[in-house]
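So you can see what is in the structure, the chains are spelled out below.
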Amino acid sequence: MFYHQSAPDGAPVGGGAAGDNGQVQARLAVLGATGSIGRQAIEVATAHRDRLRLVGLSCRTSAEACDALARDARARVVVAERDGDDAVIDLVRADDVDVVVVGIPGIAALRPTLAALDAGKTVAIAAKEVLVVGGHLVRERARQGAGERLRPVDSEHCALWQCLRGEDLDTVESVTLTASGGPFRDTPLEALPGMSAERALQHPTWHMGPKVTVDSATLVNKGYEVIEAHWLFDLPYTAVNAVIHPQSLVHALVRFADGSVKAQLADPDMRLPIQYALLYPERLESPVRRLELRDLSFLPIDPARYPCYTIVLEAASQGPAAMIAVNAADEIAVERFLHGDLAFTAIAGVLERALGIASRSPLGAAPDLASILAFDREVRRELTAKAMV
Ligand SMILES: NC(=O)c1ccc[n+]([C@@H]2O[C@H](COP(=O)([O-])OP(=O)(O)OC[C@H]3O[C@@H](n4cnc5c(N)ncnc54)[C@H](OP(=O)(O)O)[C@@H]3O)[C@@H](O)[C@H]2O)c1
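### What about the sheet that holds strand S8 (residues 240-244)?
Here four strands make up an open sheet; going across it, the order is S8-S7-S9-S10 and the pairing mixed. Two strands lie at the open edges of the sheet, namely S8 and strand S10 (261-265), each paired on one side alone. Taken over all neighbouring pairs, the strand axes of this sheet differ in orientation by 20 degrees on average, direction set aside. Inspection of the sheet shows strand S9 (residues 250-256) paired to S10 by five bridges, in the antiparallel sense. In the strand pairing of S10, Leu253 is matched with Ala263. Helix H7 (residues 155-164) rests against strand S7 (172-179), S9 and S10 of the sheet, and its axis sits at about 40 degrees to S9.

Shown next, in the form of structure tokens:
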């Protein structure tokens, strides 16, 4: 049984964003507009301004940069630290917004995502942490109401979405997500403890914000993507796996009951999945460089090099408390690593300690938003108060 079974073309979502204003199909609010995803979403919207209209942009602190990005489209701007988090919620709920692009990293994206879904908006979701800490809430809301309105932006999940179009979803045997392996894929294991933030931020194939780039070096990111695939496509964890694929040209593969495997390939460029999510079901021109088939290689994930991947999967098997705790721990650990206060290889230990905190939590199998946010705060408090990070 698949979450998106009611969408016969394999889309995990439905929910049109058809505007009643001429040709424009969707009026967009871009959350995290000054970031990597946000800027690329604005680029896509600008290139397809006949179909997509920017009406609102948000950021955390970069007011000036956000104003500059909003100028051409005359979109309104919300700066979370200046205007308050509730102003972001008001933006996603606004009558003139059809589609909300969620490009805010961390648990901060959870409330706006749920508010957008509650208000009947279509959500193009890049923020995987939202599904890690509150996948059950997102799925519940995306399912209810007139249509399913959740569009994956992460390249691997966009690839799955494309591979599943037109397929009978009950015939899916397993899915495979690919991982570049990050900047330390070939670094000798004994050198890993000394790796600096500067080195960790040099991702070999993708140019992304700092949090997700460090998460790609530890493979926390790939663990999160397994959880994301579970919630987006209602796949059991046993049917989702990942391999190292250094070229980042194959984004995901689906194996069917008859042994056939479908894959989606493209140059690593986030404008493609963003455009797919915003213009779905249309495929239109894009500036993405055309793929040249080079030697493709696939390798298993080495748990000694990537202990964080194993820990995230362990959290997924334990349930919401463990996932919320690991997410909070990772946000803190990555921040400390980026400031030079924590060794790269110490990140895994922080996640382990978070699992310990979660094991004593009474949080149930489907916590509500307030319980998620309260437990997130508790984990952060405990980790910092007891100098566990
Ligand atoms: N970048 C990619 O290629 C990529 C690919 C797949 C998935 N993702 C996911 O997409 C999300 C965004 O990643 P990114 O790389 O675009 O991040 P990023 O470049 O660091 O940008 C983050 C954006 O979010 C804003 N922001 C940060 N914290 C906020 C808060 N507490 N409240 C409101 N706004 C906040 C930032 O505003 P300021 O500029 O004012 O700080 C900025 O606009 C992450 O969940 C990531 O895992 C990213």
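### Some points on the pattern of salt bridges
Inspection of every chain in the model, using the stated rule, returns 24 salt bridges. Close ionic contact of Glu167 with Lys262 constitutes a salt bridge, the shortest N to O distance being 2.9 Å. Of the two residues, Glu167 is situated in the loop between H7 and S7 and Lys262 in strand S10; the sequence distance between them amounts to 95 residues. With its nearest N and O atoms 2.7 Å apart, the salt bridge here joins Arg360 to Glu382. Placement of Arg360 in the loop between helix H14 (347-359) and helix H15 (369-385) and of Glu382 in helix H15 is noted, with a sequence separation of 22 residues between them. Exposure remark for Arg360: the relative accessible area of 56% places this residue in the exposed category. The exposure class of Glu382 is buried, given its relative accessible area of 16%. Among the ionic contacts, a cluster of salt bridges with common partners joins Lys128, Asp154, Glu156, Lys222 and Glu225.

### Details of the site of the ligand
What surrounds the ligand is a group of 25 residues, the closest being Thr34, Thr61, Ser62, Glu129 and Gly209. The side chain of Thr34 places a nitrogen or oxygen atom 2.6 Å from an oxygen atom of the ligand. Between an oxygen atom of the ligand and a side-chain N or O atom of Ser62, the distance comes to 2.8 Å. Every element with two or more residues in the shell around the ligand is listed here: helix H1 (36-47), helix H6 (128-143) and helix H9 (210-218). Classifying every residue of the shell around the ligand gives 13 nonpolar, eight polar and four charged.

Parameters and conventions
Residues numbered from 1 in each chain as written. Predicted model: local features only at pLDDT ≥ 70, side-chain atom pairs only at ≥ 80, totals over all residues. Heavy atoms only, no water. Pairing = 2+ DSSP bridges. Helix = DSSP H or I, 4+ residues; strand = E, 2+ residues; numbered from the N terminus. Axes fitted to C-alpha atoms, helices over the stretch in contact; angles between N-to-C directions. Contact = heavy atoms within 4.5 Å. Salt bridge = Lys/Arg side-chain N within 4 Å of Asp/Glu carboxyl O. Buried < 20%, exposed > 50% of the residue type's maximum accessible area, 1.4 Å probe, protein only. Near = heavy atom within 4 Å. Polar contact = N/O pair within 3.5 Å; in protein donor to acceptor, adjacent residues only side chain to side chain. Nonpolar A, V, L, I, M, F, W, Y, C, P; charged D, E, K, R; others polar.

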